[in-house]
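# Survey of secondary and tertiary structure
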Amino acid sequence: MNANKKSGLSFLLNADIAAINARDRAIIEAVSDPGAFHFMRRLLSNPTLRPLMELELNGCTNLEGALLLSSQEYVRTICFRGRSARFRAREFEALEMTPLGAAALMSECEGLEENHWLSEFQTAVEGYVCVDQGAGICLSRSHFETALEIPDPEVLERVVFLNNGMRQIAEMYRKEEFIDAECRRDHSIWWSGTGKGRKGVEVVDLGKQLAVLGQ
């Protein structure tokens, strides 16, 4: 008998459960300490913590995360005009953490400043820039201005408006205009939350990653 029918659950619910189980297995493989495993799970069970941390450390989060933060008034949008030659005077929208968002992030991390596993979690967040689940991404002003200045088509073509999910930059880029990770790392000091250059500078296309794994 089909496993889905045997469990009595919708195959979509079974898929959701399988995804959580796979996430837990990945955490177990990364942390051997049972206490650390439960700590990591607790961090991930807070739906706003990861996008808050992404915005704070990476200057970027995906649209889904940004909408969740906006619903809690943890972020707001600000408008600015491009300064680079290619985008001069054009108006763009960036994401900014509110005092309420900063307080929420501080509250979650309060008392854990010396916690090794919180540091590991933060390092893991810094291991990438953003995970685009297909709806696009939202950037802080410093990250957005950096992407405009380089320019970085791989980032710019994904940036969307928070209120409607429409792309902010409609230009089509040629393949030869795309930059490599090394160039992106060289410019990461302009937007990095730590003020230092970054190793993790990639926007991960989750759809492509899943397609590769499914081959």
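Positions within a chain are numbered from 1, following the residues in the order the chain's sequence is written. Reporting of local features is limited, given that this is a predicted model, to residues whose pLDDT is at least 70; pairs of side-chain atoms are given and counted only at 80 or more, and all residues count toward the totals for whole chains, interfaces and linings. Hydrogens and waters are ignored; side-chain quantities use all the structure's heavy atoms.

So, about the packing of helix α4 (residues 49-58) against helix α7 (residues 116-125). Angles run from 0 to 180 degrees between N-to-C directions of axes, and those axes are lines fitted to C-alpha atoms, restricted for helices to the stretch in contact. To qualify as a helix, a DSSP run of H or I must reach at least 4 residues; to qualify as a strand, a run of E must reach at least 2; elements of each kind are numbered from the N terminus. Running from N to C, α4 and α7 point in directions that differ by 65°, and their axes come no closer than 9 Å. Looking at the two axes, α4 sits roughly perpendicular to α7. The chirality of how α4 crosses α7 is right-handed. Contacts between α4 and α7 involve Leu49, Met53, Glu54, Leu57 and Asn58 from the first element and Leu118, Phe121, Gln122 and Val125 from the second. Just so you know how the angles are binned, under 35 degrees is roughly parallel, over 145 roughly antiparallel, 65 to 115 roughly perpendicular, and the rest oblique. Two helices cross in a left-handed way if the nearer one is turned anticlockwise from the farther one by less than a right angle. They cross in a right-handed way if the turn is clockwise. Any two residues whose heavy atoms approach within 4.5 Å are treated as being in contact.

We now examine unusual backbone geometry. Going from Ile150 to Pro151, the amide bond is cis rather than trans, its omega being -15°. Along the chain, the position of Pro151 falls in the loop between α8 (141-149) and α9 (153-156). A positive phi angle is found at Glu73, which is not glycine, with a value near 60°. The residue Glu73 is located in the loop between α5 (63-71) and β2 (75-81) in this model. In this scheme, a residue with accessible area under 20% of its type's maximum is buried, one over 50% is exposed, and one in between is partly exposed, where area comes from a 1.4 Å probe on protein chains only. Judged by its relative accessible area of 56%, Glu73 falls in the exposed class.

Now for the packing of aromatic side chains. Ring pairs shown here join Phe, Tyr and Trp side chains whose ring centres sit within 6.5 Å, with only the six-membered ring taken for Trp; geometry is labelled stacked below 30 degrees between planes, edge-to-face above 60, and tilted in between. On inspection of all chains with the given rule, the structure shows four aromatic pairs. On the basis of an interplanar angle of 40° and a centroid distance of 5.9 Å, the ring pair of Phe80 and Phe92 is categorised as tilted. Of this pair, Phe80 sits in strand β2 while Phe92 sits in strand β3 (residues 91-97), and the two are 12 residues apart along the sequence. The residues Phe80 and Phe92 share a single accessibility class, namely buried. Taken together, Phe80, Phe87, Phe92 and Phe144 form an aromatic cluster joined through their ring pairs.

This paragraph deals with the side chain of Ser84. When you line up the elements, Ser84 lands in the loop between β2 and β3. Using a relative accessible area of 7% as the deciding quantity, one classes Ser84 as buried. Sequence-distant contacts of Ser84, defined by excluding residues within four places in its chain, comprise Leu148 and Glu149.

Remark: helix α2 (residues 11-30) packs on helix α3 (residues 34-45), axes separated minimally by 10 Å, with the N-to-C direction vectors making an angle of 135°. Compared by their axis directions, α2 and α3 come out oblique. Once α2 is placed against α3, the crossing between them reads as right-handed. Seen from α2, the contacting residues are Arg23, Asp24, Ile27 and Ile28; seen from α3, they are Phe37, Met40, Arg41 and Leu44.

This part takes up the pairing of β3. When a strand is regular, its side chains alternate between the sheet's two faces. The element β3 is largely enclosed, with a buried count of five among its seven residues. In this description, strands pair whenever DSSP reports at least two bridges between them. Strand direction decides the pairing type here: β2 and β3, joined by seven bridges, are antiparallel. Note on β3: the bridge partner recorded for Phe80 is Phe92.

By convention a nonpolar core is built from buried Ala, Val, Leu, Ile, Met, Phe, Trp, Tyr and Cys residues, the set being connected through side-chain atoms within 4.5 Å. With 30 residues, the main nonpolar core has Met53, Leu95, Leu105, Leu118, Phe121 and Cys138 as its most contacted residues. Every element with two or more residues in this core is listed here: α3, α4, α5, β3, α6 (99-109) and α7. Sequence-distant contacts of Cys138, that is, excluding residues within four places in its chain, are made with Gly59, Cys60, Thr61, Leu63, Ala66, Leu95, Val160 and Leu162. Grouped together as the second largest cluster of nonpolar side chains are 20 residues, Ala94, Ile137, Leu148 and Tyr173 included.

A separate point is the environment of Ile179. Tracing the sequence through the fold places Ile179 in the loop between α9 and α10 (181-187). With 27 residues separating them in the primary sequence, Ile179 and Asp152 have C-alpha atoms 6.4 Å apart. Those residues in contact with Ile179, other than ones at most four positions away along the chain, are Ile150, Pro151, Asp152 and Arg184.

Salt bridge, as applied in this entry: a Lys or Arg side-chain nitrogen positioned within 4 Å of an Asp or Glu carboxyl oxygen. All chains considered together, the criterion is met by 18 salt bridges. Among the salt bridges present, the one from Arg50 reaches Glu54, with a minimum N-O distance of 3.3 Å. Of this pair, Arg50 and Glu54 both sit in helix α4, four residues apart, which is roughly one turn of the helix. Of the charged contacts in the structure, one is a salt bridge between Arg86 and Glu177, with a shortest N-O distance of 3.2 Å. Of the two residues, Arg86 sits in the loop between β2 and β3 while Glu177 sits in the loop between α9 and α10, which places them 91 residues apart along the sequence. Each of Arg86, Arg174, Glu176 and Glu177 takes part in one network of salt bridges that share partners.

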